[in-house]
Each structure stands twice: as structure tokens, then as C-alpha cells.
Amino acid sequence: MITAYLTHPDCALHHMGPEHPENPQRLEAIRARLSLAGLLQQTMQADAKEACDEALARVHPIRHINALQKCVPKEGIVTLDSDTMMNPDSLKAARVAAGAVIRGVDQVFKRQADNVFCAVRPPGHHAEAADAMGFCFYNNIAVGAAHAKAKYGAKRIAILDFDVHQCNGTIDIFKNDPEVLICTSFQYPFYPWRYLRSEWQNVVNTPLEVGTDSTEFRRIIERQWLPALHAFKPDLVMLSAGFDAHRDDPMGDVCLEDEDFYWVTHLAMEIAALYAENRVVSVLEGGYNPKTLASGAEAHLKALLGLPFTDVP
């Protein structure tokens, strides 16, 4: 497998204060771990480019894009909601994060890579069409999916989200879109407190009880996601890769292990091999314990590279 690794130095410019869990150290923890493990060197590394207004406007109204731009402070930090803040460089980082997914889509459709991991921040899956929230400004994976539809004529895009929080933003943007299937597993009841019920034919909501372990997680995913994916036959598989469902992450109370992230990534790759000519584009979402974020990302990348899972210290 040829795996591309996309990131950008500008992702580190965005910060929301010294105590905020979504901080620049997250990407450094991933980079250091992957480099030490010798995995980064096995990928095709490149920098992302900023998403343009046209690309963002496929999923966010232009008035919302302009309104967000007007919120950018000249200095310091401004608060958008109780947990989402913005500094002078936040939208530069957010445009690069969305742009990474666009470039990843380009790479898999041009056959420059089999799959792609976008190690970027801020995350995106809580960003609704006209609402920045939950640490998210633009919906990175939705921007990439819309690009796949517009540029490559993708007709069946599967978005699999295994973050501990449900992807309310992705659902808000693509609900009732027959060309997009969204499968989302999440702790329930839990933030974001909206879109938690399955009211749309193209959304597979998979709520997980507090304490859900590896065995139960895999059983539920196989029972709920696999039939929907085989029926849908996606021509592109996209992953919102959140690692905050790990048992040691401070943000949630689901008890997954690194091997579960390997397993669910491998499951996505098997679907892509059957129906999508191996095309998988993954983008980082949550994960707030630096150690388990990095080890989860390592397991994820091992699967994308086609390497066996081995326990890591």
C-alpha cells in the first residue's frame, strides 16, 4: 500500500489557551511517535494547501464563511462558544486542515496513493453548515467529500466516524444525501446532544454505552455498519479518525484499545478494496491524551500501510 501523510506547520499556529485540550502538542505527539516507530519514513509525506472559498462553500454558506472571518481577532483569543476559541491564525490552520483532505482526495483518485492520513488540526466533524462548534471551524471531511463529488464525480461516499463524539456537523451537512453514507459510533448520551437519533436513511447512528469494551464495540460495528456498507458499495471510503474513545482518554468513558483502531481501519480498507479500488482518506478528529492519541494513530497508520498490528509500549 502507498500511504500518503499530509500535514502542515500552520496547524500548530492555532491555539485556544494553555489549558485547552485541543492544542498544538497533539500533532507533535503523533509525529514523534510515528517517527520513532519508523512509520513516518514509510509514508509519502507532503504539506497540505489551504482550501479556497469555493471548496469551503460547497458545504458552508458563503455568509457563514465571511462571518467567521470577521470574528478573527488581531491579537489574543476570542470565544465563539464555551469550548471553541479563535486566535489570529485559527482560520489559517482550519483552511489548511480542510485543504489536506482535498489533497488527499486528489491523491487517491489520481492513483498517487492508495490511502491517505491527514494529520491536521483543528478537527472538523462538529462543524455544521452554518455553525462552528466543538473545537471545529470548517468540516474538513465534508469539504473533502464535496470535492470528490464535484471534481471526480464520486456518487457513493462512505464516511466512517469512530470518534467518542458523534459527527453532528457531518450529519447536518449530508443528511438525506443519497450519495453519502454516514456511519458514526459514539458514547451515548453525550456531547454534542443533537442529531443523536437516526432519522435519516443515509445515517447509521451507533450509540455506545459508557464502558463499552473491545468485544462489544466490534460486535456492534460488524452488526450495524457492515450490512449498510455492503449495500451501499462506496466508491470512496473516508474516515473521521478520533482516538478519544480509548480507555485512557480523559474526554470520554468508552474503553477501546489501540488494536480496536487498527481493526476498524482494516475493516474500512476491506470495504474499500471490494468497492472503491482501495481509496481511503482519513482525517484526524479527537484524541486528548497525548500518549494514547499517538499510539492510536500509530495503530491506524500501521493498518493503512498494510502492516501487522503489534503491541507497542
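Per an unreviewed UniProt entry, the recorded name for the protein is Histone deacetylase family protein, and the organism is Vreelandella alkaliphila. In its Sequence similarities (unreviewed entry) section, the UniProt record describing the protein reads: "Belongs to the histone deacetylase family."

> Is there a simple way to explain the packing of helix α4 (residues 90–109) against helix α5 (residues 140–152) in this structure?
Working note: a packed helix pair is described by the angle between its axes plus the distance between those axes. It is the contact of α4 with α5, at a shortest axis distance of 8 Å, that shows an interaxial angle of 40°. Taken together, α4 and α5 sit at an angle that is classed as oblique. The way α4 lies across α5 gives a crossing that is right-handed. On the side of α4, the interface is formed by A94, A97, A98, V101, I102, V105, D106 and F109, while α5 contributes N140, I141, V143, G144, H147, A148, K151 and Y152. Its residues assigned to classes, the contact of α4 with α5 shows 11 nonpolar, 3 polar and 2 charged.

> I'm lost on the nonpolar core in this one. Help?
Note on soluble globular proteins: their nonpolar side chains tend to be buried together. Judged by nonpolar contacts, the single largest core of 104 residues is most densely connected at C118, L160, F174, M238 and V281. Ranked by the residues each element gives to this core, the list is headed by α4, at 11 residues. Excluding residues within four positions of it along the chain, L160 makes contact with C183, W225, L229, V237, M238, L239, S240 and A268.

> Sorry if this is basic, but what is going on with the packing of aromatic side chains here?
The description of two aromatic rings rests on the distance between their centres and on the angle between their planes. For the structure shown, the criterion picks out 9 aromatic pairs. Three or more aromatic residues joined by ring pairs form one cluster here, namely F162, F243 and F261.

> How should I be thinking about the side chain of D260 in this particular structure?
Among the structural elements, D260 can be located in helix α8 (residues 258–275). Take D260: its relative accessible area is 1%, and that puts it in the buried class. Residue contacts for D260: discarding those within four places in its chain leaves S214, F217 and R218.

> Hey, could you run me through the environment of H126 in this one?
Tracing the backbone shows H126 in the loop between β5 (115–118) and α5. What H126 contacts, discounting residues up to four positions off in sequence, is D131, M133, G134, C136, H165, Q166, N168, G169, Y191 and P192. Only 3.4 Å separates the side chain of H126 from the backbone oxygen of Q166, close enough to count as a polar contact.

> Could you clarify how one ought to interpret the UniProt feature "domain: Histone deacetylase" (unreviewed entry) in the protein in this entry?
Here the UniProt-annotated "domain: Histone deacetylase" (unreviewed entry) positions come out as residues 20–304. For residues 20–304, the helix share is 41%, the strand share is 16%, and the end-to-end C-alpha distance is 30 Å.

> How should I be thinking about the side chain of N205 in this particular structure?
Along the polypeptide, N205 turns up in strand β8 (residues 203–208). Here Y195 takes part through its backbone oxygen, which lies 3.4 Å from a polar atom of the side chain of N205.

> Please clarify how the sheet that holds strand β9 (residues 236–241) should be interpreted in this entry.
Note on sheets: strands pair through backbone hydrogen bonds, and any given pair is parallel or antiparallel. With parallel pairing, 8 strands are arranged side by side in an open sheet as β2-β1-β5-β10-β9-β6-β7-β8. Edge positions in the sheet fall to β2 (44–47) and β8, since each has one partner strand and no second. When strand polarity is set aside, the average angle formed by the axes of neighbouring strands in this sheet is 15°. When β9 meets strand β10 (residues 280–284), the two strands line up parallel, connected through 5 bridges.

> Quick question: what am I supposed to make of unusual backbone geometry here?
Most peptide bonds are trans, and most residues other than glycine sit at a negative phi. For the bond from R121 to P122, the omega torsion is 0°, close enough to zero to count as cis. Omega for the bond connecting Y191 with P192 falls within 30 degrees of zero, at 20°, which places this linkage in the cis form. Relative to the helices and strands, P192 is located in the loop between β7 (180–187) and β8. Despite not being glycine, F135 shows a phi value in the positive range, around 75°. Within the element layout of this structure, F135 appears in the loop between β5 and α5. Residue classification places F135 among the buried positions, given a relative accessible area of 9%. For W193, which is not a glycine, the phi torsion comes out positive at approximately 65°. Here W193 lies in the loop between β7 and β8.

Here is what the cut-offs are and how they apply
Residues numbered from 1 in each chain as written. Predicted model: local features only at pLDDT ≥ 70, side-chain atom pairs only at ≥ 80, totals over all residues. Heavy atoms only, no water. UniProt positions renumbered as here; feature names shortened; annotations may be inferred. Axes fitted to C-alpha atoms, helices over the stretch in contact; angles between N-to-C directions. Helix = DSSP H or I, 4+ residues; strand = E, 2+ residues; numbered from the N terminus. Parallel < 35°, antiparallel > 145°, perpendicular 65-115°, else oblique. Left-handed = near helix turned anticlockwise from the far one by under 90°. Contact = heavy atoms within 4.5 Å. Nonpolar A, V, L, I, M, F, W, Y, C, P; charged D, E, K, R; others polar. Core = buried A, V, L, I, M, F, W, Y, C linked by side-chain atoms within 4.5 Å. Buried < 20%, exposed > 50% of the residue type's maximum accessible area, 1.4 Å probe, protein only. Phe/Tyr/Trp six-rings, centres within 6.5 Å; stacked < 30°, edge-to-face > 60°. Polar contact = N/O pair within 3.5 Å; in protein donor to acceptor, adjacent residues only side chain to side chain. Pairing = 2+ DSSP bridges.

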